[in-house]
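# Analysis of the macromolecular model
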Amino acid sequence: MKKKLLANPKNVKFEELLKICTQHFGKPRIKGSHHIFKTPWKGDPRINIQKDGKMAKVYQVKLVIAALEKLGANDENN
């Protein structure tokens, strides 16, 4: 799934991105249209996603990719 995100961040459905974030970061806190996920580190990249129609916003997909990469780097160091 991560390869699909990297290949085309402009064509990611919100529900797919929500599922990926939930798998890696747990249940989100929802405030209005924003789904906010806790991360094991402080600061950026923070995980805050919202719908753009049925699709995820491109810049937010890129932030999720960065967070997944950071999460993977943290897992490798432990």
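Here the structure is shown first, and the text comes after it.
The rules behind the values
Residues numbered from 1 in each chain as written. Predicted model: local features only at pLDDT ≥ 70, side-chain atom pairs only at ≥ 80, totals over all residues. Heavy atoms only, no water. Core = buried A, V, L, I, M, F, W, Y, C linked by side-chain atoms within 4.5 Å. Buried < 20%, exposed > 50% of the residue type's maximum accessible area, 1.4 Å probe, protein only. Helix = DSSP H or I, 4+ residues; strand = E, 2+ residues; numbered from the N terminus. Contact = heavy atoms within 4.5 Å. Pairing = 2+ DSSP bridges.

Formed by 19 residues in total, the largest nonpolar core has its most connected members in Leu 5, Leu 17, Cys 21, Phe 25 and Ile 49. Secondary structure elements with two or more residues in this core: α2 (14-25), β3 (47-49) and α3 (58-77). Look past the residues within four positions of Leu 5 in its chain and what remains in contact with it is Val 12, Leu 17, Ile 20, Val 61, Ile 65 and Leu 68.

Burial along strand β2 (residues 34-37) is one-sided: His 35 and Phe 37 are buried, and none of His 34 and Ile 36, which face the opposite way, are. With 3 bridges connecting them, strand β1 (residues 29-31) and β2 associate as antiparallel partners. By the bridge assignment, Arg 29 is partnered in β2 with Ile 36. Linking two consecutive strands that pair antiparallel, namely β1 and β2, is a turn of 2 residues; a positive phi of about 65° is found at Gly 32 within it. In the sheet, β2 pairs with β3 via 3 bridges, with the strands oriented antiparallel. Note on β3: the bridge partner recorded for Ile 36 is Asn 48.

Below, the discussion takes up the side chain of Gln 60. In this structure, Gln 60 sits in helix α3. The exposure class assigned to Gln 60 is buried, which follows from its relative accessible area of 2%. Not counting residues within four places of it along the chain, the set of residues in contact with Gln 60 comprises Asn 48, Ile 49 and Gln 50.

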